[in-house]
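Overview (structure and organization)
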Amino acid sequence: DVRSGQCQNTLKGHDRDVNSVVFSSDGAKIASGSRDETIRIWDVRSGQCENTLKGHVDNVISVVFSSDGTKIASGSNDNPIRIWDVRSGQCENTLKGHDSSVMSVVFSSDGTKIASGSNVKTIRIWDVRSGQCENTLKGHDSSVMSVVFSSDGTKIASGSNVKTIRIWDVRSGQCENTLK
């Protein structure tokens with residue numbers, strides 16, 4: 001409980017470290033990604049694991065729900081991004097293009113795009129429907145640890161290991177500002 005600071009539930013089921021957790025937009029589910037190479041979908045109210053998603057072959061580093069809660073995107077040390085159907089637990093698409101670990105994944109608010117940040121200093125913008133990479137953004141001097149879309153989907157902010165944040169224009173792929 002946020003007000004009291006009391007733990008309401010402890011979700012147990014992963015065999016190794018949990019690297020990423022995220023609530024669905026309605027707050028009813030939590031997805032967790034782990035070093036055990038799985039993603040688990042949890043019911044917040046009951047604390048029960050509803051599904052275990054298997055398909056990655058290395059640590060799952062980042063998980064995110066689409067805004068409508070029907071999909072999960074995951075990034076891993078195995079390089080591809082996977083898009084999962086929440087209801088069935090099936091992998092709907094595997095996005096290949098990164099040459100190293102995917103450290104962060106995020107859906108645009110309309111759910112049509114995914115941005116991903118990698119260990120090789122790049123950000124990729126993907127079309128969710130086709131699975132195609134639309135653009136590769138280069139300019140960081142180190143691993144891209146975090147990416148996020150602006151609410152209108154026109155900008156991406158990215159954070160790296162060398163204490164910088166870059167603001168990118170999604171259409172042009174150009175870096176508009178570097179914050180140090």
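Structure: above.
One structure accompanies this document, and this report is about it. Just so you know, these numbers come straight off a predicted model, no measurement behind them. (Residues numbered from 1 in each chain as written. Predicted model: local features only at pLDDT ≥ 70, side-chain atom pairs only at ≥ 80, totals over all residues. Heavy atoms only, no water.)

Turning our eyes to something else, we now look at the overall build of the protein. Along the protein, the regular secondary structure elements total zero helices and 16 strands. Taking the principal axes of the C-alpha coordinates as reference, the protein spans close to 45 × 35 × 30 Å. The buried share of the protein, reckoned over its 180 residues, is 46%. When the accessible surface of the protein is split by element, carbon and sulfur atoms take 43% of a total near 9500 Å². Looking at the protein, you have 22 positive and 21 negative side-chain charges, and the mean spots of the two groups are 3 Å apart. (Helix = DSSP H or I, 4+ residues; strand = E, 2+ residues; numbered from the N terminus. Buried < 20%, exposed > 50% of the residue type's maximum accessible area, 1.4 Å probe, protein only. Areas by Shrake-Rupley, 256 points an atom, 1.4 Å probe, with all protein chains shown as cover. Lys, Arg positive; Asp, Glu negative; His and termini not counted. Charge placed at Lys NZ, Arg CZ, Asp CG, Glu CD.)

Under the counting rule described, the total for this entry stands at five salt bridges. A salt bridge links Glu-50 to Lys-29, with the nearest nitrogen and oxygen atoms 2.7 Å apart. Separated by 21 residues along the polypeptide, Glu-50 in strand β4 (residues 49-54) and Lys-29 in strand β2 (residues 29-34) bring together distant segments of the chain. Take Lys-29: its relative accessible area is 23%, and that puts it in the partly exposed class. (Salt bridge = Lys/Arg side-chain N within 4 Å of Asp/Glu carboxyl O.)

Taken in spatial order, the four strands line up as β1-β2-β3-β4 in an open sheet, and their pairing is antiparallel. Each having just a single partner strand, β1 (18-23) and β4 make up the two edges of the open sheet. Between one strand axis and the next, the sheet turns through 20° on average, direction left out of account. Note that β2 and strand β3 (residues 38-43) share five bridges and pair antiparallel. Among the inter-strand pairings, Gly-33 is bridged to a residue of β3, identified as Ile-39. (Pairing = 2+ DSSP bridges. Axes fitted to C-alpha atoms, helices over the stretch in contact; angles between N-to-C directions.)

Of note, Gly-13 is situated in the segment before β1. In this structure the C-alpha to C-alpha distance between Gly-13 and Arg-40, which are 27 residues apart in sequence, comes to 8.2 Å. Excluding anything up to four places from it in sequence, Gly-13 contacts Arg-40 and Trp-42. (Contact = heavy atoms within 4.5 Å.)

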